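Breakdown of the fold
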Amino acid sequence: MPQPVSLSCVVPCLNEQANLGILLPELLATLESRVDALEIIVVDDGSTDGTPDLLRHWCSLHPQIVYLRLSRNFGKEAALTAGLEAAQGNVIVCLDADMQHPPQMVPAMLDRWREGVQMVYAVRATRQDESPFKRIGSRLFYALMRTSDGRTVPPNAGDFRLMDRVVVEALLSLPERDRFMKGLFAWVGFESEPMSYTPSQRRHGVSRFHPLKLLRFAVDGLTAFTTWPLRVLSLVGACLSMAAFLYGLVIVVTYVLFGDPVRGWATLITAVLFFSGVNLMSLGVVGEYIARIFTEVKGRPIYLLRERVGNGLRSDPASAAQAGREPSNVPPESIV
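Here's what I pulled together on the structure shown here. Since we're looking at a predicted model, the values are computed, not measured. Going along each chain's sequence as written, the residues are numbered from 1 onward. This being a predicted model, a pLDDT of at least 70 is required before a residue's local features are given, and a value of 80 or more before pairs of side-chain atoms are given or counted; all residues contribute to the totals for chains, interfaces and linings. The side-chain numbers reported here are obtained from all heavy atoms of the structure, hydrogens and water having been left aside.

**Points about the nonpolar core**
Worth spelling out the cut-off: Side-chain atoms within 4.5 Å link the members of a nonpolar core, which is a set of buried Ala, Val, Leu, Ile, Met, Phe, Trp, Tyr and Cys residues. Classification of residues uses two cut-offs on accessible area relative to the type maximum, computed with a 1.4 Å probe and protein chains only: under 20% is buried, over 50% is exposed, and between them is partly exposed. When checking whether two residues touch, look at their non-hydrogen atoms; a contact exists if any pair is within 4.5 Å.
One finds L7, V11, L20, I40 and F160 to be the most contacted residues of the largest nonpolar core, which totals 39 residues. Setting aside residues no more than four positions away along its own chain, I40 makes contact with C9, V11, L24, L27, L28, Q64, I65 and V66. Within the second largest apolar cluster, 28 residues are counted, among which are L80, A82, F185 and V188.

What follows is the structure, encoded as structure tokens:
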């Protein structure tokens, strides 16, 4: 007998009212006939447009839709975590609300899951639609993004993926509060398989990932999953110390053998400024790691929930049991 499929779609969003009006009916039309039970969890990460009113209306029309409204903007990683914690299905799909992740790919992902693949992640076939700055930056980031235990983040893979319940439970068991989901997806392992796709054009609005935000995102990923920046600093420090020692030895030998006075005011000032810059850069790198420690030890929650509308699979105890989770008795709307 084929295994019953209860599917949870997690859709983080920020000011995507126009795109959600297109995405939600498309998800319902594409997936309702493909699975035994369906829920669509839309996580509002602090929208200031008409998203709350739109989602409340959709929840009143379709019991499959769940609306989670965070108390403020916590970031996409926190919104994804909120959606994964709320998901009740035995299969979970994460996709963006901007219509660049085609819902038509989900049935093909489900077919691979039925054949035993525990995580199917979408990989961009091309980046020609992006600026040269972003293409070069992405290539450099994925080249540097090697975890401390040797695992790598698959190049050009984003958050659009299908995961088995066991993968999601493993992700939720990780204690990090400052979460970098692309790294966590790679770290948990399991049987994974890429699926190539070409992202559609954004229907409405513009991307909020400007260059400075992308740079900050890259720094977060590198400091969350790699230690090579610290090792590079140690190597640079050792090389500079050796060079300084050899240069000092040359000065001493020259003075002893030839009696040349110690000269080189410009050289001295240049060396002092250079080493000062290296020291400050090193402190900045170390500070990034200390900042992550500071964030973790505070123990604050990853997100705060302001409102929940809709039950989704909570209203279907059989589906919750299939997913290996107890049905919750929490009221459908709550203020945290």
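**Some thoughts on unusual backbone geometry**
Applicable threshold: Secondary structure follows DSSP: runs of H or I at least 4 residues long count as helices, runs of E at least 2 residues long count as strands, and numbering of each begins at the N terminus.
If you check the backbone angles, N15 has positive phi at about 55° while not being a glycine. Relative to the helices and strands, N15 resides in the loop between β1 (6-13) and α1 (17-31). Accessibility expressed as a relative area gives 24% for N15, which makes it partly exposed. The residue M99 is not glycine, and still its phi comes out positive at about 70°.

**Quick notes on the side chain of Q64**
We count it as follows: In the analysis that follows, any N or O atom pair within 3.5 Å is treated as a polar contact, provided that within protein one partner can donate a hydrogen and the other can accept it, and provided that, for residues neighboring in sequence, both atoms belong to side chains.
Its location among the elements puts Q64 in the loop between α2 (51-61) and β3 (65-70). There is a polar contact of 2.3 Å between the side chain of Q64 and the side chain of E32. With residues near it in sequence (within four places) discarded, Q64 still touches L28, E32, L38, E39, I40 and G312.

**Examining the side chain of R308**
Quick note on the threshold: Here Asp and Glu are counted as negative and Lys and Arg as positive; His is not counted, and neither are the chain ends. Here, a salt bridge means any side-chain nitrogen of Lys or Arg that lies within 4 Å of a carboxyl oxygen of Asp or Glu.
If you trace the backbone, R308 turns up in strand β8 (residues 305-309). This buried residue, R308, is left without a salt bridge; E39 holds the nearest opposite charge, at 5.4 Å. Within the structure, R308 has its side chain in polar contact with the backbone oxygen of G310 (distance 3.2 Å). Within polar-contact distance, the side chain of R308 engages the backbone oxygen of N311 at 3.4 Å.

**A few points about the packing of aromatic side chains**
Spelled out, the test is: Under the pairing criterion, centres of Phe, Tyr and Trp rings, with the six-membered ring standing for Trp, must be within 6.5 Å; the plane angle then separates stacked pairs below 30 degrees from edge-to-face pairs above 60, leaving the rest tilted. Charge-over-ring placement is defined geometrically: NZ (Lys) or CZ (Arg) within 6 Å of the ring centre, and within 35 degrees of the ring normal.
A full pass over the atoms with the stated rule returns one aromatic pair. Pairing F160 with Y197 gives two aromatic rings, centres 5.8 Å apart and planes at 80°, and the pair type is edge-to-face. Separated by 37 residues along the polypeptide, F160 in strand β6 (residues 157-164) and Y197 in strand β7 (residues 192-197) bring together distant segments of the chain. If you follow R72 out to its NZ or CZ, it ends over the ring of F74, 3.9 Å from the centre.

**Quick word on the pattern of salt bridges**
Tallied over the entire structure, the rule returns nine salt bridges. With a shortest N-O distance of 3.5 Å, R114 and D111 are connected by a salt bridge. In this pair, R114 and D111 are both assigned in helix α4 (residues 106-114), three residues apart and thus about one turn of the helix distant. Residue D111 is classed as partly exposed on the basis of its relative accessible area of 40%. A salt bridge links E193 to R112; the shortest N-O distance between them is 2.5 Å. A residue pair is termed long-range when its members are at least 10 positions apart, and E193 in strand β7 and R112 in helix α4 qualify at 81 residues. Of the residues examined, R112 reaches a relative accessible area of 24% and is grouped as partly exposed. Each of D53, R56, R69 and E307 takes part in one network of salt bridges that share partners.

**As for α4**
What counts is decided by this rule: Starting at the helix axis, one direction is taken to each C-beta atom, and the arc is that of these directions.
Those residues of α4 not exposed but buried are V106, P107, M109, L110 and W113. The buried residues of α4 occupy an angular sector of 155° when the element is viewed end-on, so they sit on one face. Following α4 by one or two positions, G116 has its phi on the positive side, about 110°.

**Notes on the sheet that holds β8**
Here is the rule we go by: At least two DSSP bridges between two strands are required for those strands to pair. To get an axis, fit a line to the C-alpha atoms, keeping to the stretch in contact for a helix; angles then go from 0 to 180 degrees between the N-to-C directions.
With mixed pairing, eight strands are arranged side by side in an open sheet as β7-β5-β6-β4-β1-β2-β3-β8. Only two strands of the sheet have a single neighbouring strand rather than two, namely β7 and β8. Going across the sheet, the axis of each strand differs from the next one's by a mean of 20°, ignoring polarity. Looking at chain direction, β1 and strand β4 (residues 91-94) are connected through four bridges and run parallel. The residue bridging S8 from the neighbouring strand is I92, located in β4. Its contacts with the sheet put α1 on β1, β2 (37-44) and β3, and the angle it makes with β2 is roughly 165°.

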